[in-house]
Amino acid sequence: VFRFRRKDGSYVWSETTIHYIYSGEGDIQELVCVTRDIAERKQYEMKLQESQNRYKSLFEYNPSAISAMDLEGHTLSVNSSFQLLTGYSRESLLLSNYNEIIDPDEIEYVNKRFESAANGLAQTFESRLIHREGHAVEVSVIYVPIMVNNQVVGVFGITSDITERKR
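Each residue is numbered by its place in its chain's sequence as written, counting from 1. At least 70 in pLDDT is required for a residue's local features to be given in this predicted model, at least 80 for side-chain atom pairs to be given and counted, and no such filter applies to totals for whole chains, interfaces and linings, which use all residues. Side-chain metrics rest on all non-hydrogen atoms present in the structure, leaving aside hydrogens and water.

Engineer: Give a detailed account of the overall build of the protein chain, specifying residues and quantitative values.
Structural biologist: Secondary structure counts use DSSP, requiring at least four H or I residues in a row for a helix and at least two E residues in a row for a strand, with both numbered from the N terminus. For the protein chain, the count of helices and strands is five helices and eight strands. For the protein chain, the succession of helices and strands along the chain, N to C, is β-β-β-α-β-β-α-α-α-β-β-β-α. Whereas a compact globule of 167 residues would reach a radius of gyration of roughly 15 Å, the protein chain reaches 25 Å, over 25% beyond that. Think of it in three bands: with a 1.4 Å probe and only protein chains considered, a residue is buried below 20% of the maximum accessible area for its type, exposed above 50%, and partly exposed in between. Counting every position in the protein chain, which comprises 167 residues, the buried fraction comes to 34%. Within the protein chain, counting contacts between residues at least 6 apart in sequence, those at least 24 apart form 35% of the total. What sets the accessible areas is the Shrake-Rupley method with a 1.4 Å probe; for residues, cover comes only from the shown protein chains. Accessible area for the protein chain stands at about 11400 Å²; split by element, carbon and sulfur atoms hold 51% of it. All radius of gyration figures rest on C-alpha atoms, and the globule criterion is 2.2 Å times the number of residues raised to 0.38. Residue contacts are counted whenever heavy atoms from the two residues lie within 4.5 Å of one another.

In structure tokens:
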């Protein structure tokens, strides 16, 4: 894949495929080259990369604690704000279940909310989680279904500490 500069100063992306034709003695006798304009594909790839970078920025640099979970509630990814909120490392949170940090008195309630989100209905509610150091943290939670091709494939959890407000 190459980027060429045209006489007018603009650039064009192209892709070249080369096949060697060998003689009976094993020497290269001929090269068959096919070059095609891939500007449209490159533009799509750059837009996709930009979209991924925007998503990553929204996820990673968000002051709200964000986690992505599969439909069984296993944590697939978390941002640094989620780690700060819970006190757990990224490694210990990954592949744990969301209900492992929920106050035991709240589990049934939160499970119902998660199930609704896993069925496609976004949820907003308040609950309580237990910090790694053992103290309760009052939280506001938003569960958002993760949709791919019109099917729910997981749930985003967006969590904010509301302990001071509750006091």
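Engineer: Describe in detail the side chain of Thr86, supporting the description with residues and values.
Structural biologist: With respect to the helices, strands and loops of the structure, Thr86 is situated in helix 2 (residues 80–86). Polar contacts involving the side chain of Thr86 include one to the main-chain carbonyl oxygen of Phe82, which spans 3.0 Å. Side-chain polar atoms of Thr86 contact the backbone nitrogen of Tyr88, separated by 3.3 Å. With sequence-adjacent residues up to four places away left out, Thr86 is seen in contact with Leu93, Ile101, Leu129, His131 and Arg132. Pairing of N or O atoms within 3.5 Å defines a polar contact, subject to two protein rules: one partner must be a possible hydrogen donor and the other a possible acceptor, and residues neighboring in sequence count only if both atoms are side-chain atoms.

Engineer: Could you give an account of the pattern of salt bridges, with specific residues and numbers?
Structural biologist: Note on definitions: salt bridges are taken to be side-chain nitrogens of Lys or Arg within 4 Å of carboxyl oxygens of Asp or Glu. Under the counting rule described, the total for this entry stands at 13 salt bridges. The partner of Arg41 in a salt bridge is Glu15, with the nearest N and O atoms 3.3 Å apart. Here Arg41 is found in helix 1 (residues 39–60), whereas its partner Glu15 is found in strand 2 (residues 11–22), with 26 residues between them in sequence. Salt-bridge contacts for Arg41 lead to Glu45; the nearest nitrogen and oxygen are separated by 3.4 Å. Here Arg41 pairs with Glu45, and both are found in helix 1, just four residues apart, close to one helical turn. Taking the relative accessible area as the measure of exposure, Arg41 reaches 34% and is therefore partly exposed. The exposure class of Glu45 is partly exposed, given its relative accessible area of 35%.

Engineer: Lay out the pairing of strand 6 (residues 123–130) in plain terms, naming residues and giving numbers.
Structural biologist: Put simply, side chains in a regular strand alternate between the two faces of the sheet. Of the two faces of strand 6, only one is covered, namely that formed by Gln123, Phe125, Ser127 and Leu129; the face formed by Thr124, Glu126, Arg128 and Ile130 stays uncovered. A strand pair is defined by DSSP finding two or more bridges across the two strands. Linking strand 6 to strand 7 (residues 136–148), which pair antiparallel, is a turn of five residues; within it Gly134 sits at a positive phi near 100 degrees.

Engineer: Explain the side chain of Thr163 to me, using residue names and the numbers behind them.
Structural biologist: The residue Thr163 is located in helix 5 (residues 163–166) in this model. At 3.0 Å, the side chain of Thr163 and the backbone nitrogen of Glu138 are in polar contact. With residues near it in sequence (within four places) discarded, Thr163 still touches Val137 and Glu138.

Engineer: Lay out the environment of His135 in plain terms, naming residues and giving numbers.
Structural biologist: Here His135 shows up in the loop between strand 6 and strand 7. The exposure class of His135 is partly exposed, given its relative accessible area of 38%. Note: C-alpha distance between His135 and Asp103 (32 residues apart in sequence) is 9.9 Å. Every residue in contact with His135, bar those within four places of it in the chain, is listed here: Leu129 and Ile130.

Engineer: Describe helix 4 (residues 107–118), naming the residues involved and giving the relevant values.
Structural biologist: An expected span of 1.5 Å times one less than the residue number is assigned to each helix. Helix length check: helix 4, at twelve residues, gives a terminal C-alpha distance of 16 Å against a target of 16 Å (1.5 Å per residue), a fit within 8%. Looking at helix 4, one finds that the buried residues are Val110, Phe114, Ala117 and Ala118. Along the axis of helix 4, the buried residues cluster in a sector spanning 95 degrees; they form a single face. Exposed and facing more than 90 degrees away from the buried side of helix 4 are Glu108, Lys112 and Glu115. Buried-residue contacts for helix 4 involve strand 4 (65–69), strand 6, strand 7 and strand 8 (151–161). Two residues or fewer past helix 4, Gly120 is found with a positive phi of approximately 105 degrees. What the arc describes is the spread of directions from the helix axis to the C-beta atoms.

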